[in-house]
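Structural description and commentary
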Amino acid sequence: MLHVSGTQLVTDDHTPVRLRGVGLGGWMNMENFITGYPANETAMRLAVRDVLGDERAELFFDRLLTSFFTERDADLLAGLGMNCVRIPVNYHHWESDDRPLEIDERGFRHLDRVIGLLGERGVYSVIDLHALPGAQNQHWHSDNPTHVAAFWQHRHFQDRAVRLWETIADHYRDHPWVAGYNPVNEPGDPTGKVVGPFYDRLVKAVRAADPRHVLFLDGNTYATDFSVFREVYENAVFVMHDYALAGFAHGGPYPGHTRGEWCDRDQLEQTFERRSRFQRETGTPLWVGEFGPVYTGDPAVDEQRYQILRDQLDIYDAHGAGWSLWTYKDVGLQGLVHAAGPYLERFGGFIAKKQRLGADRWGSTMEESAAELAPLYALLDREFPAWKPYPWGARYQTDDLIRHILIAQALLPEYAELFRGLGDDELIALADSFALEQCVRRRPLLDLLEENLSR
């Protein structure tokens, strides 16, 4: 079992371990750009259930959980040389909003299976609560249908999160291949006043249930602000996220300018050093919980994105930082592998429409429907020049409200209707499109990672 010793993670016999691996996004916490639906997970599941009914919707979603990660996936990641998988989960697998604080132990079924598969191959798991009751940040990946992180406004939501973590920690307290717990992914507390005291409370509760496992604690404002921590907790890693500006869908050339900012290797290292200052000053381990560029399909642009990744990995190596690349499997934007087969045949046109409209924030260039949205941007700039909403300012907030909430939610019925009339065998075939044997491998990315991990 791992524990923190100064700036390193070590095993019980004090062997240093630098965790390097990938995030299993889109599995037990689904995301729109990963599996091709619009808006947030709960809204999508409800729309699909309206079409299929409860039993057949459960057939599809459970089969998707089964097919998305199997022995073959574990073999691939271990074969690349990875020793860690960060596993995002959604609280809905254990608790229903209409029955708060009642834990459903069935939520452990698939998680136990995958942690077991990885452990058999010497790969650690970090359990990441990616979606908390009430939503801990302002975006789709916390299963948030709005732009309000209500988690920080209501003690009730915080009570439920603590209760869930007590359950998870008790369940895995003796599991040697669980590296630890990442209890709040990318918190977005606008005031910065609630998140610190909440961490104090949460750490105490988890330690009471499980005193041994490492805690991986994200800073506020999407794992970038560590001023909220009032103490350095024992046996804890403070987790930063390190997405490169030029690596976003709206990123410019590399090296080159993106939205007026120069981006090159020196800038990447300066950004990493700024984001990791708290960890270095406190002498705690360096671990990048998320990072990684998105890909465009243009070979010239994608080669620049691969160079961003090479440079970041070299920087992490130089600093002895562990990392977890985002993400393992999707429908073609960012994953090491991506789905094919019946799912892409049926939903490919819909995914293309989402891309045309910029409905998924993670895939948006911020230029879709430019002619229609330009007057709105101009109006806001003219009438509200001082408006700088948390967390990323006026332009991003406007796109979130218009593209990623309004347009995305308007697309939900269209996505769900594509399930209508399908038989059980066809639903199973859609889910099995995410099985590794049906996926396309992003070979340049796999080769790049294997080369780095073999050093």
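Structural data are supplied above this passage.
Here goes a summary of the coordinates provided. (Residues numbered from 1 in each chain as written. Predicted model: local features only at pLDDT ≥ 70, side-chain atom pairs only at ≥ 80, totals over all residues. Heavy atoms only, no water.)

As for the packing of aromatic side chains
The full count for this structure, using the stated rule, is 37 aromatic pairs. The interplanar angle of 85 degrees and the centroid separation of 5.1 Å between the aromatic rings of Phe291 and Tyr316 together place this pair among those described as edge-to-face. Taken together, the residues Phe291 in the loop between strand 12 (287-290) and helix 11 (299-319) and Tyr316 in helix 11 connect sequence positions 25 residues apart. The class of Tyr316 is buried, set by a relative accessible area of 1%. Aromatic pair Tyr343 and Phe347: ring centres 4.5 Å apart, planes at 25 degrees, arrangement stacked. Placement of both Tyr343 and Phe347 in helix 12 (residues 342-357) is noted, with a separation of four residues, approximately one turn of the helix. For Phe347, a relative accessible area of 0% puts it in the buried group. What links up through ring pairs into an aromatic cluster is the set Tyr37, Phe60, Phe61, Phe68, Tyr343, Phe347, Phe350, Tyr415, Phe419 and Phe434. Sitting above the plane of the Phe68 ring, Lys329 keeps its charged end 5.2 Å from the centroid. (Phe/Tyr/Trp six-rings, centres within 6.5 Å; stacked < 30°, edge-to-face > 60°. Helix = DSSP H or I, 4+ residues; strand = E, 2+ residues; numbered from the N terminus. Buried < 20%, exposed > 50% of the residue type's maximum accessible area, 1.4 Å probe, protein only. Lys NZ or Arg CZ within 6 Å of the ring centre and 35° of its normal.)

Structural notes on the nonpolar core
Counting residues in hydrophobic clusters, the biggest one holds 130 residues, and the most contacted among them are Leu111, Ile127, Tyr328, Leu336 and Phe419. Once residues within four sequence positions are removed from consideration, Ile127 is found in contact with Ile87, Val89, Leu111, Ile115, Trp165, Ile168, Tyr172, Val178, Gly180, Tyr181 and Asn182. (Core = buried A, V, L, I, M, F, W, Y, C linked by side-chain atoms within 4.5 Å. Contact = heavy atoms within 4.5 Å.)

Some points on the sheet that holds strand 15 (residues 337-338)
In space, the three strands of this open sheet follow the order 14-15-16, with mixed pairing throughout. Edge positions in the open sheet fall to strand 14 (329-330) and strand 16 (440-441), since each of these has one partner strand only. Relative to strand 16, strand 15 runs antiparallel, the two being bridged by two bridges. Paired with His338 across the bridge in strand 16 is Val440. (Pairing = 2+ DSSP bridges.)

Structural notes on the packing of helix 2 (residues 41-52) against helix 3 (residues 54-68)
For the pair helix 2 and helix 3, the least separation of the axes is 7 Å and the interaxial angle reads 125 degrees. Viewed along their axes, helix 2 and helix 3 adopt a mutual orientation that is oblique. Where helix 2 crosses over helix 3, the two elements pack in a sense that is right-handed. For the pair helix 2 and helix 3, contact is made by Met44, Arg45, Val48, Arg49 and Leu52 and by Asp54, Arg56, Ala57, Glu58 and Phe61, respectively. Here the residues of the contact of helix 2 with helix 3 are counted per class, giving five nonpolar, no polar and five charged. (Axes fitted to C-alpha atoms, helices over the stretch in contact; angles between N-to-C directions. Parallel < 35°, antiparallel > 145°, perpendicular 65-115°, else oblique. Left-handed = near helix turned anticlockwise from the far one by under 90°. Nonpolar A, V, L, I, M, F, W, Y, C, P; charged D, E, K, R; others polar.)

With respect to helix 12
Here helix 12 contains 16 residues, and its C-alpha end-to-end distance of 24 Å stays within 8% of the 22 Å for a straight helix at 1.5 Å per residue. In the structure, helix 12 departs most strongly from a straight axis at Gly348, where the bend amounts to approximately 55 degrees. Residues of helix 12 that are buried include every one of Tyr343, Phe347, Phe350, Ile351, Lys354 and Leu357, and no others. Residues of helix 12 that are buried make contact with helix 1 (32-35), helix 14 (394-417) and helix 15 (424-432). One or two positions beyond helix 12, positive phi appears at Gly358, with a value near 65 degrees. (Expected span 1.5 Å × (residues − 1). Bend = angle between axes of the 7 residues up to and from the residue.)

A word on unusual backbone geometry
Residue Thr327 is bonded to the preceding Trp326 through a cis peptide linkage, with omega at 5 degrees. Locating Thr327 in the fold gives a position in the loop between strand 13 (322-325) and strand 14. In the segment running from Tyr390 into Pro391, the intervening peptide bond is cis, with an omega of 5 degrees. Take Pro391: it is sitting in the loop between helix 13 (370-383) and helix 14.

A word on the sheet that holds strand 2 (residues 8-10)
Taken in spatial order, the three strands of this open sheet run 1-2-3, and their pairing is antiparallel. Of all strands in the sheet, those with a lone pairing partner are strand 1 (3-5) and strand 3 (16-17), marking the two edges. Inspection of the sheet shows strand 1 paired to strand 2 by three bridges, in the antiparallel sense. Considered in strand 2, the bridge of Ser5 is made with Gln8.

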